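Understanding the architecture of this molecule
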Amino acid sequence: MTTTKISLKLGKLILTVTLFIITNLIDVHGFAQKKQKDPYFSTPPIRYSCDYERLDITQWFNGTTRTLDEEGIILNNLQYHPLGITHFGMMCYNHFVETKDSTYYHHFMNQIKYFKDTSLVDLSHNGERMGLPYQFPFHDLKAPWYSGMTQGWAMVFMFRYYYHSHDPEALEIIKKIAQFMIQPVSENGTISKTPEGYTWIEEYPNTKVKPQVLNGYINGLLGLKEYVDYFKSDTLAKRIHDETFQALKNTLTQYDTPTWTSYDRKMGKISNGYLHYQIFEMQDLYNVYKDEQFLDQMKIWCYMGYKKYPTEKNPQFRYLDLDLSEKLHQGKNNSLYARIIKENFLGSNNPLSNSTIDAVTPISLTFDGKEKIISFDVLINEGVNTGYFLLDSSYTRKFIEIELIDSLNHTQKIKAYRSDYVGQNLFKFSFNKTNNLKKLIVKFKQVSGSEQVTIVDAALFLNANYSIPFYAFYASPTLQFNKETLLLKTGKLTNGEQLTVFYRQAGSKVQLAKTKWTTFNKFDLTKETIDVQKWNYYELLIVYKPTFNLSHFEGFKLE
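On a predicted model such as this, the values are computed, not experimentally measured, just so you know.

How each quantity is defined
Along each chain, residue indices are assigned from 1 in the same order as the chain's sequence is written. It should be noted that, the model being predicted, local features are given only for residues of pLDDT at least 70 and side-chain atom pairs only at 80 or more, the latter also being counted only at that level, while totals for whole chains, interfaces and linings use all residues. No hydrogens and no water enter the side-chain calculation; it runs on all heavy atoms of the structure. Helix and strand assignments come from DSSP, with helices taken as H or I runs of at least 4 residues and strands as E runs of at least 2, each series counted from the N terminus. Residue burial is assigned from relative accessible area. The probe radius is 1.4 Å, only protein chains are included, and a residue is buried under 20% of its type maximum, exposed over 50%, and partly exposed in between. In a helix, the anticipated span is given by 1.5 Å times the number of residues less one. When DSSP finds two or more bridges between two strands, those strands count as paired. In this analysis, the protein atoms alone were mapped onto a 1 Å grid. Cavities are point sets where a 1.4 Å probe fits without being able to get out; pockets are open sets with protein on both sides within 12 Å along at least five of seven lines; lining residues have an atom within 4 Å of a point. Grid points are joined across faces, edges and corners, and a volume is the space filled by probe spheres set on the points. Any residue outside Ala, Val, Leu, Ile, Met, Phe, Trp, Tyr, Cys, Pro, Asp, Glu, Lys and Arg is labelled polar, Gly included; the first ten of those are nonpolar and the last four are charged. The term polar contact refers here to a pair of N or O atoms within 3.5 Å; inside protein, the definition further demands a hydrogen-donor-capable atom paired with an acceptor-capable atom, and it admits residues adjacent in sequence only when both atoms are side-chain atoms. Each salt bridge in this description consists of a side-chain nitrogen of Lys or Arg and a carboxyl oxygen of Asp or Glu lying within 4 Å of one another. Between N-to-C directions, angles span 0 to 180 degrees; the directions come from axes that are lines fitted to C-alpha atoms, helices contributing only their stretch in contact. Oblique is the label for every angle not falling under 35 degrees (roughly parallel), over 145 degrees (roughly antiparallel), or within 65 to 115 degrees (roughly perpendicular). Crossing handedness is read from the near helix: turned anticlockwise from the far helix by less than a right angle, it gives a left-handed crossing, and turned clockwise, a right-handed one. Whether two residues touch is decided by their heavy atoms; if any such pair falls within 4.5 Å, the residues are in contact. Confidence scores labelled pLDDT are given residue by residue by the predictor and lie between 0 and 100. Two residue types count as positive, namely Lys and Arg, and two as negative, namely Asp and Glu; His and chain ends fall outside the count.

As for its position among the elements, Asn215 is in helix 7 (residues 214–230). On the accessibility criterion, Asn215 (2% relative accessible area) is buried.

Its 17 residues give helix 7 an end-to-end C-alpha distance of 25 Å, which sits within 8% of 24 Å, the value for a rise of 1.5 Å per residue. Across the 17 residues of helix 7, 16 count as buried, placing the element largely inside the fold.

Strands pair in a sheet through their backbones, by hydrogen bonds, and they do so in one of two ways: parallel or antiparallel. Ordered in space as 8-9-25-21, the four strands form an open sheet in which the pairing is antiparallel. The outermost strands of the open sheet, each flanked by one partner alone, are strand 8 (329–330) and strand 21 (493–494). The sheet contact formed by strand 21 and strand 25 (residues 550–554) spans two bridges and is antiparallel. Of the residues in strand 25, the one forming a bridge with Thr494 is His552.

Another aspect to go through is empty space enclosed by the protein. Taken as a whole, this structure holds one cavity of 30 Å³ or more when the rule is applied. In this model, the largest cavity occupies a volume close to 90 Å³. Class assignment for the residues of the lining of the largest cavity results in six nonpolar, two polar and three charged.

With 15 residues, helix 4 (residues 102–116) ought to run about 21 Å at 1.5 Å a step, and its terminal C-alpha atoms sit 22 Å apart, in line with that. Within the sequence span of helix 4, burial applies to Tyr104, Tyr105, Phe108, Asn110, Gln111, Ile112, Tyr114 and Phe115. Backbone nitrogen of Thr103 and a side-chain oxygen of the N-cap are separated by 2.9 Å at the start of helix 4; the cap is Asp101.

Turning our eyes to something else, we now look at the pattern of salt bridges. Scanning all chains against the criterion turns up 20 salt bridges. Here Glu371 ties to Lys445 by a salt bridge, and the two come within 3.4 Å at their closest N and O atoms. In this pair, Glu371 sits in strand 11 (residues 371–377) while Lys445 sits in strand 16 (residues 437–445), placing the two residues 74 residues apart along the sequence. Relative accessible area serves as the criterion here: at 30%, Glu371 is assigned to the partly exposed category. The exposure class assigned to Lys445 is partly exposed, which follows from its relative accessible area of 28%.

Time to look at the sheet that holds strand 15 (residues 424–430). Pairing is antiparallel in the open sheet, where eight strands are placed in the order 10-17-12-15-14-13-16-11. The outermost strands of the open sheet, each flanked by one partner alone, are strand 10 (363–366) and strand 11. Sheet twist, expressed as the mean angle between neighbouring strand axes with direction ignored, is 30°. The sheet contact formed by strand 13 (residues 399–406) and strand 16 spans six bridges and is antiparallel. By the bridge assignment, Ile402 is partnered in strand 16 with Val442.

This part takes up unusual backbone geometry. Peptide bonds are mostly trans, and most non-glycine residues show a negative phi. Across the junction of Ala143 and Pro144, the peptide omega takes the value -5°, indicating a cis bond. In this fold, Pro144 is placed in the loop between strand 4 (129–131) and helix 5 (148–165). For His125, which is not a glycine, the phi torsion comes out positive at approximately 55°. Within the secondary structure layout, His125 lies in the loop between strand 3 (122–124) and strand 4. Using a relative accessible area of 45% as the deciding quantity, one classes His125 as partly exposed. In this structure, His139 is a non-glycine residue whose phi angle is positive, near 50°. Judged by relative accessible area, His139 falls into the exposed class, the value being 52%.

With that settled, consider the packing of helix 4 against helix 5. Running from amino to carboxyl end, helix 4 crosses helix 5 at an angle of 120°, the nearest separation of the two axes being 11 Å. With respect to each other, helix 4 and helix 5 are oriented oblique. As helix 4 packs across helix 5, the resulting crossing turns out to be left-handed. Across the interface between the two elements, Phe108, Met109, Gln111, Ile112, Phe115 and Lys116 of helix 4 pack against Ala154, Phe157, Met158, Arg160 and Tyr161 of helix 5. Partitioning the contact of helix 4 with helix 5 into residue classes produces eight nonpolar, one polar and two charged.

Attention shifts here to the layout of surface pockets. One number sums up the size of the largest pocket: a volume of about 750 Å³. Taken together, 32 residues form the lining of the largest pocket, with Arg66, His81, Leu83, His87 and Tyr274 sitting closest to its centre. Among the secondary structure elements, those contributing two or more residues to the lining of the largest pocket are strand 2 (74–76), helix 3 (82–99), helix 5 and helix 9 (272–289). The biggest single contributor to the lining of the largest pocket is helix 3, with four residues.

Relative to the helices and strands, Val121 resides in the loop between helix 4 and strand 3. Residue classification places Val121 among the buried residues on the basis of a relative accessible area of 4%. As a C-alpha pair, Val121 and Tyr134 span 13 residues in sequence and 9.6 Å in three-dimensional space. Non-local contacts of Val121, meaning those with residues more than four positions away in its chain, are made with Tyr114, Phe115, Met130, Gly131, Leu132 and Pro133.

When the pLDDT values of the protein are averaged, the result is 85; 84% of them are 70 or greater. Across residues 1–30 the pLDDT falls below 50, and counting only partners more than four positions away or on other chains, this stretch makes 17 contacts in the model. Below pLDDT 50 for its whole length, residues 351–360 participates in 31 contacts with residues either more than four positions away or in separate chains.

Attention now goes to the side chain of Glu326. Position of Glu326 relative to the elements: it lies in strand 7 (residues 325–327). The buried charged residue Glu326 lacks any salt bridge, with Lys307 as its nearest oppositely charged partner at 4.5 Å. Beyond its immediate chain neighbours, meaning those up to four positions away, Glu326 contacts Tyr306, Ala338, Ile340, Pro469, Tyr471, Ala472 and Phe473.

Next comes the structure, spelled out in structure tokens:
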């Protein structure tokens, strides 16, 4: 063997070993299983939807003034923006966990450098407290100023770094950030009092312009919650957390009007996009605390946000066409239903196009042999992967057979299985996603003892993230009662969950229109009655979470 060949083989071996070592170094200091274990992190940290589900990391630099410094730390207008650094780091962390793309890993690790650089952060009290400074003015705040939102979200970020690195310095930084955060605003911290005297985490401490900002407070609270769960011996932080959590529960309704919600306690206006942000935050709060009040507030806001899409042009926002809620339609016998299909994908030979459950042109099939076959030409098919057929109750088979044919004449054969749906049979099916679907063929076996079956409704759709809105709702007209109690009779909810019936009440129609929906005024569905007292004008808001594109709530009635 020549010297040249030996050198080439040795070079390849060295390269292979080097790549192996680098890969494992990334794993050891990054995201693989560790020899060192921390019992607190027996499961991965929660992934917050207000951050991950709302923002698109692939668009983070598009059309913005964001750049990277020499260390890879993100800048905004050539300045360090602590919350921007934290958001960017969190998104890179989440996307690396999901994709294993090392680019996200390196971005994530680079943002850690900001928190370790004592020339960029502010240390006080002999280095026991760390403030993350904004070195530019904002409204009536002069630089440097600090944010409870940023301090809290930075702790969330650093906990994820610690989870994967077990770097003991991360815990020290978290403690210092927390100690700065929980100081009163009079001592340069972020803790203040609401007008009612409750403890609050300020996004903009000491400002007179934007007091008690809600969305920033929530991010701060989530960070403080993670801190007190980990550092259980910090009784001061635990007391402040408990006090401010109770403040949220007691003052949440203060942010709402009868038709919208607000940014702060000065009732600053919020955009449609901000409403979406706060709805995601309510979802995160419920996932952390399991408190039904946050789900109820989410339901009320989703009702307020019906057909109100974000108008912000920033490309970093995801799901700009997200439907927060869907209006329920009235059917027969005190029933409400939702048919949540953005587009009907069945083709020109289909008389069910643009149909609804109560008003359709049914397809009736008369059996003249062992089976009946019907074919649909599919005109719009981009990304569809789910569908259903709704048949009348006479069809007793457990499934129907379906064939899907694409433009290359490839065929998928699947079965759609039956589930009961309000006296009819709903046959759901899913299939491998295709972008060139051409034809859908349905095979019905002979029905024993019957010569005919009717297709009541049918659709194909894309069952991707948020194809089904968070909630479906029904807002009643004004109701008038002259009795001491109201009895709510409820029937069956099909393809739905989390049913809640809110009410608002007043002595006149004019007062009723000025009355808020609140999380406190709702029917207790275990008792089913409410005291009318002196109020005799009512409106109901019925809300539930659909679990499929067809859902139904039947048999509700007030007496």
